[in-house]
Amino acid sequence: MGDLGWIAYPKNGWEEIGEVDENYAPIHTYQVCKVMEQNQNNWLLTSWISNEGASRIFIELKFTLRDCNSLPGGLGTCKETFNMYYFESDDEDGRNIKENQYIKIDTIAADESFTELDLGDRVMKLNTEVRDVGPLTKKGFYLAFQDVGACIALVSVRVYYKKCPSVIRNLARFPDTITGADSSQLLEVSGVCINHSVTEEAPKMHCSAEGEWLVPIGKCLCKAGYEEKNNTCQAPSPVSTVKKGKITKNSISLSWQEPDRPNGIILEYEIKYFEKDQETSYTIIKSKETAITADGLKPGSAYVFQIRARTAAGYGGFSRRFEFETSPVSVAASSDQSQIPIIVVSVTVGVILLAVVIGFLLSGSCCDHGCGWASSLRAVAYPSLTWRCGYSKAKQDPEEEKMHFHNGHIKLPGVRTYVDPHTYEDPNQAVHEFAKEIEASCITIERVIGAGEFGEVCSGRLKLQGKREFPVAIKTLKVGYTEKQRRDFLGEASIMGQFDHPNIIHLEGVVTKSKPVMIVTEYMENGSLDTFLKKNDGQFTVIQLVGMLRGIASGMKYLSDMGYVHRDLAARNILINSNLVCKVSDFGLSRVLEDDPEAAYTTRGGKIPIRWTAPEAIAFRKFTSASDVWSYGIVMWEVMSYGERPYWEMTNQDVIKAVEEGYRLPSPMDCPAALYQLMLDCWQKDRNSRPKFDEIVSMLDKLIRNPSSLKTLVNASSRVSNLLVEHSPVGSGAYRSVGEWLEAIKMGRYTEIFMENGYSSMDAVAQVTLEDLRRLGVTLVGHQKKIMNSLQEMKVQLVNGMVPL
Ligand code: AMP
């Protein structure tokens, strides 16, 4: 509304007209309708528009246009289009420039034009057209609309640019980012770690031309002493209440309460103490309990104590200083009264434990009767108990605790080697080394989401003390299990618990002290990747697919750095969450193949995953990170073909044979050539020639940074030749050209003749007949046979479905 200050030239061309729309609401339009007059050239120039730093802008026009056929007599001169132009300028001076200096954006035509009839009915046949312009290099621009003899009412002009709105992802803040100038450009944007967090892997995301954030990479972690909550980090509060217990001339016993806001599970406490005024020489004790005795103290001396708690995120702040004094030499005093609260606490704990045991006997086991039932029954079983949720802390003797600190393979910074749980004599010890014990009452099971090898997989919620309830997946061990099944089931948790990476499924903990035995992991909303891709066939951009592959490669890099060989990497064993972040899961298979030579071809009652497994692993069980790379190549193929089954319906035996003979899967449809090349690299026969996972990650990063490199697709004809190139009857080698093929079968002398006669690609060669050979001058019967047999061999493979045309 109001005067926009636009300029019309000539003056009798475009007119500014106040109107009402079909609802009689006032609208402001520019109109021109010189349809009966020859040689119209009416310009409408907007005022200067700042582009606000954007280098690509969008212009949405809403207009009505008169149908020339409905104009009696106007047919000769009447037009049904108009032109839109722009002129860049850093300031308003550009206002006086000539029309011929404007750059044309497009000719605008109407999808719907109106007639006299519509006018009578007051029907507004409003057209909407959007055009974009870029790259812009100045601070702003003018738009111009040129009419050459149409009947137009310009109702609205909306000028905008797109941006990826500021967001916090993986504890990093990404600023408002205006999209790039190129419509296929992805801008790599670095995130800044939010307060109280530090970089784990430099956080980055990519801003697409459509204003969407894609492919998050890296993350920040809350600093030691801070915990992640709702995209922020807050510190666990310090211990506030410390009570003295028994005091002798050489020792002081203390007890304390958990911090008011633990903000996580307290893993241990650190107690620092020193003789008053002697702060430079202090002692540190670490304890998992909320009580200690400091001994070896001087009689009749004052000591200062400070306590801090450690959660998974690190240490909180120290408590204030508490000062206690040892007894003087002559008095062996003990504060008996201080024992009373401890006895009361013990009795209370005893009563609660008894109630819990009775509760479990009443409730039966969780998933045996269906998930919903079990959880509601549990609620009835303990209506009056205020159960404190948290991990139970097994009492360990000091020696064990010491060992744990020295040999703790996980969570200790700097030690990053996978420990095979089988090296533990007692597998239960391994579980408790690597997985936290969760109280069953902290878990609410909601529904069954899948069938695992050992029992149902449910979704549900986990409420831990001091933490918000959050969604989890719960794997259960079915009733009637054998000891071996229990061991194997929990073995997966012992492995998973050692990993801490954004692309590896995260273990929350295990329930082993009650039944059913459960493994609790983070919840992945979109389930397994193969099913998800099949359900969403063709729905993702190449960049989104590459983002998924990058995540999987990053998880695999972490596993291979840890010295862990997965052996069952396949899209079905990747889980995907609502942000399309892919995480490697299923850590159950490896030991089966490792320990049992008979199990090489059968596992979990099925077959070794032949289609995903490298030839050397199938042939002589050589499982390495390089064989995982082969499987990764197959996963790439699955992802790019939206969950297609590798090698389709070929039998396992045929797959083994074809791969041994040098055949490889063809490129999926519409697959970027760079990705297919990476697949072929992963499928190198010589495992040392395959790329390492860190190389794969960097290669994918490069492609993501430079999306135009993904534009070259493997086209239909090279798809076929690529399949042929991998096959060589004389061993390895690849037919990248007709010359190479002829050389390989020792018929190189005919290369020139083939090329001269138009047989310059393997596609063309595939059509050659005996007749053609004769015509080309291949007259020796032996040579004809050699060439035809080689062609025949390749065609048989085509017919088998290995290499579909
Ligand atoms: P698994 O025994 O690990 O193969 O799990 C069986 C099925 O349960 C999978 O195929 C998924 O559909 C589902 N599932 C397992 N873990 C999760 C999870 N963390 N989040 C969501 N679904 C899961």
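It should be noted that the structure appears before, not after, this text.
Keep in mind that this is a model prediction, so the values were computed, not measured. (Residues numbered from 1 in each chain as written. Predicted model: local features only at pLDDT ≥ 70, side-chain atom pairs only at ≥ 80, totals over all residues. Heavy atoms only, no water.)

(A) Just the state of the cysteines, in detail. By the definition in use, this model includes five disulfides. The disulfide partner of Cys68 is Cys78, and the S-S distance across this bridge is 1.8 Å. Judged by the sign of its S-S torsion, about -75°, the bond between Cys68 and Cys78 is left-handed. Within this pair, whereas Cys68 is found in the loop between β6 (57–65) and β7 (81–89), its partner Cys78 is found in the loop between β6 and β7, the two being separated by ten residues in sequence. The exposure class of Cys68 is buried, given its relative accessible area of 6%. The side chain of Cys222 participates in a disulfide bridge whose partner is Cys233; the two sulfur atoms lie 2.1 Å from each other. Residues Cys222 and Cys233 are joined by a disulfide whose S-S torsion is about -85°; by sign, that bridge is left-handed. In this pair, Cys222 sits in strand β19 (residues 213–222) while Cys233 sits in strand β21 (residues 232–234), placing the two residues eleven residues apart along the sequence. Counting only the cysteines that take part in disulfides, in the order they occur along the chain, gives the pairing 1-4, 2-3, 5-7, 6-8, 9-10. (Disulfide = S-S within 2.5 Å. Helix = DSSP H or I, 4+ residues; strand = E, 2+ residues; numbered from the N terminus. Buried < 20%, exposed > 50% of the residue type's maximum accessible area, 1.4 Å probe, protein only.)

(B) Representation of the packing of aromatic side chains in the model. Counted under the stated rule, the structure contains 24 aromatic pairs. Ring centres 6.1 Å apart and planes at 50° place the aromatic pair Phe305 and Phe324 in the tilted group. On the criterion of sequence distance, the pair formed by Phe305 in strand β27 (residues 302–311) and Phe324 in strand β29 (residues 322–325) is long-range, its members being 19 residues apart. You can call Phe305 buried: its relative accessible area is 1%. Relative to Tyr564, the ring of Phe499 lies with its centre 5.3 Å away and its plane at 65°, an arrangement referred to as edge-to-face. Linking Phe499 in the loop between α6 (483–496) and β33 (507–511) with Tyr564 in the loop between α8 (542–561) and β35 (574–576), this pair joins segments that are 65 residues apart in sequence. No difference in accessibility class separates Phe499 from Tyr564, as the two residues are buried. Grouped by ring-pair contacts, the aromatic residues Tyr418, Phe499, Tyr558, Tyr564 and Phe587 constitute a single cluster. One cation-aromatic arrangement involves Lys272 over Tyr282; the distance from NZ or CZ to the ring centre is 4.6 Å. Of note, Arg320 hangs over the ring of Phe322, and the distance from its end group to the ring centre comes to 4.1 Å. (Phe/Tyr/Trp six-rings, centres within 6.5 Å; stacked < 30°, edge-to-face > 60°. Lys NZ or Arg CZ within 6 Å of the ring centre and 35° of its normal.)

(C) A look at the pairing of strand β24 (residues 268–275). Extensive coverage of β24 is indicated by the burial of seven of its eight residues. The pairing of β24 with β27 spans eight bridges and is antiparallel. Within the sheet, the bridge partner assigned to Glu275 lies in β27 and is Tyr303. With five bridges joining them, β24 and strand β25 (residues 283–287) adopt antiparallel strand pairing. By the bridge assignment for β25, Tyr269 is matched with Ser287. (Pairing = 2+ DSSP bridges.)

(D) Spatial organisation of the site of the ligand. Every one of the 15 residues lining the ligand counts as a neighbour, but Ala473, Lys475, Thr521, Glu522 and Met524 are closest to it. In this structure, a nitrogen atom belonging to the ligand sits 3.2 Å away from a side-chain N or O atom of Thr521. Here Met524 contributes a backbone N or O atom positioned 2.9 Å from a nitrogen atom of the ligand. Those elements giving two or more residues to the shell around the ligand turn out to be β30 (443–451), β32 (470–476) and β34 (518–522). Counting residues per element, the shell around the ligand draws most heavily on β30, at three residues. Among the residues forming the shell around the ligand, the class breakdown is eight nonpolar, four polar and three charged. (Near = heavy atom within 4 Å. Polar contact = N/O pair within 3.5 Å; in protein donor to acceptor, adjacent residues only side chain to side chain. Nonpolar A, V, L, I, M, F, W, Y, C, P; charged D, E, K, R; others polar.)

(E) Geometry of unusual backbone geometry. Note the cis peptide between Tyr9 and Pro10, where omega equals -5°. Residue position: Pro10 is located in the loop between β1 (7–9) and β2 (15–20). Geometrically, the link from Gly134 to Pro135 is a cis peptide bond, its omega value of 0° lying close to zero. Along the chain, the position of Pro135 falls in the loop between β9 (127–133) and β10 (140–147). In this structure, Val215 is a non-glycine residue whose phi angle is positive, near 50°. Within the element layout of this structure, Val215 appears in strand β19. Classification of Val215 by relative accessible area gives buried; the value is 10%. Even without being glycine, Asp586 reaches a positive phi, approximately 70°. Summarising the element assignment, Asp586 is placed in the loop between β36 (582–584) and α9 (590–595). By relative accessible area, which is 13% here, Asp586 ends up buried.

(F) Structural view of the environment of Ser560. Mapped onto the fold, Ser560 is located in helix α8. Put simply, Ser560 and Asp628 are 68 residues apart on the chain and 8.8 Å apart in space, counted from C-alpha to C-alpha. Leave out the neighbours within four places in its chain, and Ser560 touches Ser625 and Phe693. (Contact = heavy atoms within 4.5 Å.)

(G) Quick look at the pattern of salt bridges. With the rule as written, the count across this model stands at 26 salt bridges. In this structure, Asp132 engages Arg56 in a salt bridge whose closest nitrogen and oxygen atoms are separated by 2.6 Å. A residue pair is termed long-range when its members are at least 10 positions apart, and Asp132 in strand β9 and Arg56 in the loop between β5 (49–50) and β6 qualify at 76 residues. Here Asp561 ties to Lys557 by a salt bridge, and the two come within 2.8 Å at their closest N and O atoms. With Asp561 and Lys557 both in helix α8, this residue pair falls four residues apart, about one helical turn. The exposure class of Asp561 is partly exposed, given its relative accessible area of 44%. Ionic contacts of the salt-bridge type, sharing partners, join the residues Asp106, Glu129 and Arg131 into one network. (Salt bridge = Lys/Arg side-chain N within 4 Å of Asp/Glu carboxyl O.)

(H) Looking closely at the side chain of Ser627. Within the element layout of this structure, Ser627 appears in helix α11 (residues 625–640). Residue class for Ser627 comes out buried when judged on its relative accessible area of 3%. Polar contacts involving the side chain of Ser627 include one to the main-chain carbonyl oxygen of Thr624, which spans 2.7 Å. In this structure Ser627 touches Ala614, Glu616, Ala617, Lys622 and Arg690, once residues within four positions along its chain are discounted.

(I) Seen up close, the sheet that holds β19. An order of β16-β18-β19 is seen for the three strands of this open sheet, with the pairing classed as antiparallel. At either margin of the open sheet sits one strand with a lone partner, and together these are β16 (187–190) and β19. Strand-to-strand twist in this sheet, taken as the mean axis angle between neighbours without regard to direction, amounts to 15°. Across four bridges, β16 lies against strand β18 (residues 197–207) in antiparallel orientation. Within the sheet, the bridge partner assigned to Leu187 lies in β18 and is Cys207. (Axes fitted to C-alpha atoms, helices over the stretch in contact; angles between N-to-C directions.)

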